Amino acid sequence: MAVEVCVKAAVGAPDVLGDCPFSQRVLLTLEEKKVTYKKHLINVSDKPKWFLEVNPEGKVPVINFGDKWIPDSDVIVGIIEEKYPNPSLIAPPEFASVGSKLFPTFVSFLKSKDSSDGTEQALLDELKALEEHLKAHGPYANGQNVCSVDMSLAPKLYHLEVALGHFKKWSVPESLSHVRNYMKLLFERESFQNTKAE
């Protein structure tokens, strides 16, 4: 039986892939590993009955490898890695937390109404840390080959670029050339093009 995955549908467009970085992370992982899968788009404001029956919490993403539905993107990508070890996307333990604070600092800055509250600086600090890591180990988080860290960061950096560009006219500073190149490399990957929200 094919792998089935439930991901967020776009708001107001139930037949279009939605903008969930956790759903995209799972889809990116499947795409990079060339796993065939069936995608179910879930309208999160009007969840289908069958979906709530198999997944009472109602959160996306969830995946089914043939026997039961499994929630939580961290758990899901771990299982995908176990079941489909090639190509390996395992990040070395010392790199596993690279960029892990990027998304919460981005969200804080996005929601901030006060330009002097330190949220922009916190985001810049996280981006600078990523810049230093990529300068030493790039072009991807683990050198020449993509890994699970990249699968997690790609959708989050895409959200950052789109949302901050739209709502705050803000973009990653030119001085962070390794981060900007990293984003370009990730966004150009076939797996990313196949799984990004409109």
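In the annotation of an unreviewed UniProt entry, the entry for the chain reads Dehydroascorbate reductase-like protein, and the organism field reads Solanum melongena.

Chemist: Could you clarify how one ought to interpret empty space enclosed by the protein in this entry?
Modeler: Vacant regions in the atomic arrangement are exposed by a probe of water-molecule size rolled over the atoms. Inspection of every chain in the model, using the stated rule, returns one cavity of 30 Å³ or more. What the largest cavity holds in volume is close to 30 Å³. If you trace the largest cavity, you find it lined by Leu17, Gly18, Asp19, Cys20, Gln24, Tyr158, His159, Thr195, Lys196 and Ala197. Residue classes in the lining of the largest cavity are distributed as four nonpolar, four polar and two charged.

Chemist: I keep staring at the environment of Ser45 and nothing clicks. Help me out?
Modeler: With respect to the secondary-structure elements, Ser45 resides in the loop between strand E3 (37-42) and helix H2 (49-54). A sequence separation of 36 residues divides Ser45 from Ala9, and the C-alpha atoms of the two residues are 9.6 Å apart. Within polar-contact distance, the side chain of Ser45 engages the side chain of Asn43 at 2.9 Å.

Chemist: Looking at this model, I keep getting lost on the domain arrangement of the chain. Mind explaining?
Modeler: Interface size is commonly expressed as the accessible surface area that is lost when the partners come together. Examined at the domain level, the chain breaks down into domain 1 (3-83) and domain 2 (93-194). Contact with domain 1, which involves ten residues of that partner, is made by twelve residues of domain 2. Here domain 1 meets domain 2 over a buried area of about 1100 Å², counting both sides, of which 61% is carbon and sulfur. Contact with domain 2 buries area across many residues of domain 1, yet Pro21, Leu28 and Glu32 alone supply 46% of it, more than any other trio.

Chemist: Sorry if this is basic, but what is going on with unusual backbone geometry here?
Modeler: Glycine aside, residues mostly have negative phi angles, and peptide bonds mostly take the trans form. With an omega of -10°, the peptide bond between Asn86 and Pro87 qualifies as cis. Along the polypeptide, Pro87 turns up in the loop between helix H3 (73-83) and helix H4 (102-111). Residues Gly138 and Pro139 are joined by a peptide bond in cis, for which omega reads 15°. Inspection of the secondary structure assignment puts Pro139 in the loop between helix H5 (119-137) and helix H6 (148-168).

Chemist: What's the story with the packing of aromatic side chains in this structure? I'm lost.
Modeler: Describing an aromatic ring pair means giving the distance of the ring centres and the angle of the ring planes. Inspection of every chain in the model, using the stated rule, returns eight aromatic pairs. Ring centres of Tyr158 and Phe187 lie 5.4 Å apart, and the angle between their planes is 75°; on these two criteria the pair is classed as edge-to-face. Of this pair, Tyr158 sits in helix H6 while Phe187 sits in helix H7 (residues 177-188); the two residues are 29 residues apart in sequence, bridging distant segments of the chain. Per residue, the accessibility class of Tyr158 equals that of Phe187, and both read buried. Ring geometry for Tyr158 against Phe192: centres 5.3 Å apart, planes inclined by 80°, an arrangement best described as edge-to-face. Taken together, the residues span a long stretch of sequence, with Tyr158 in helix H6 and Phe192 in helix H8 (residues 190-195) at a distance of 34 residues. Residues Tyr158 and Phe192 agree in their burial class; the two are buried. Ring pairing ties together the aromatic residues Phe22, Phe103 and Phe106, which thus form one cluster.

Chemist: It is not clear to me how the state of the cysteines should be interpreted in this structure. Could you clarify?
Modeler: Formally, a disulfide is one covalent bond, and it connects the sulfur atom of one cysteine to the sulfur atom of another. Throughout the structure, instances matching the rule amount to zero disulfides. Take Cys20: it sits in no disulfide, and the sulfur closest to it among the cysteines is that of Cys6, at 12 Å.

Chemist: When you look at the environment of Gln193 in this model, what are you seeing that I'm missing?
Modeler: Positionally, Gln193 belongs in helix H8. Assessed through its relative accessible area of 42%, Gln193 is described here as partly exposed. On a C-alpha basis, the gap between Gln193 and Val62 in space is 21 Å, while along the polypeptide they are 131 residues apart. In this structure the side chain of Gln193 is engaged in a polar contact, spanning 2.6 Å, whose partner is the backbone oxygen of Phe187.

Thresholds, definitions, all that
Residue positions within a chain follow its written sequence, with the count starting from 1. Under the rules for a predicted model, residues below a pLDDT of 70 receive no local features and side-chain atom pairs below 80 are neither given nor counted, while totals for whole chains, interfaces and linings still include all residues. No hydrogens and no water enter the side-chain calculation; it runs on all heavy atoms of the structure. Two kinds of site are reported from a 1 Å grid over the protein atoms alone, namely cavities, where a 1.4 Å probe fits but cannot get out, and pockets, open sets with protein on both sides within 12 Å along at least five of seven lines, and residues are called lining when an atom falls within 4 Å of a point. Grid points are joined across faces, edges and corners, and a volume is the space filled by probe spheres set on the points. Residues were grouped as follows: Ala, Val, Leu, Ile, Met, Phe, Trp, Tyr, Cys and Pro as nonpolar; Asp, Glu, Lys and Arg as charged; and all remaining residues, including Gly, as polar. Counting from the N terminus, the helices are the DSSP runs of H or I reaching at least four residues and the strands are the DSSP runs of E reaching at least two. For this analysis, a polar contact is any N or O atom pair within 3.5 Å, provided that within protein one partner can donate a hydrogen and the other can accept it, and provided that sequence-adjacent residues contribute only side-chain to side-chain pairs. What counts as a domain boundary in this text is fixed by an automatic or database domain assignment. Contact between two residues is taken to exist if any of their heavy atoms lie within 4.5 Å; hydrogens are not considered. A quick way to say it: buried area is the sum, across both parts, of accessible area lost when two parts are put together, with a 1.4 Å probe. When two rings of Phe, Tyr or Trp (its six-membered ring) have centres within 6.5 Å they constitute a pair, described as stacked for plane angles under 30 degrees, edge-to-face for angles over 60, and tilted for the intermediate range. Buried residues are those whose accessible area, probed at 1.4 Å on protein chains only, stays under 20% of the maximum for their type, while exposed residues exceed 50% and partly exposed ones sit between those limits. When two cysteine sulfur atoms are found within 2.5 Å, that pair is recorded as a disulfide.

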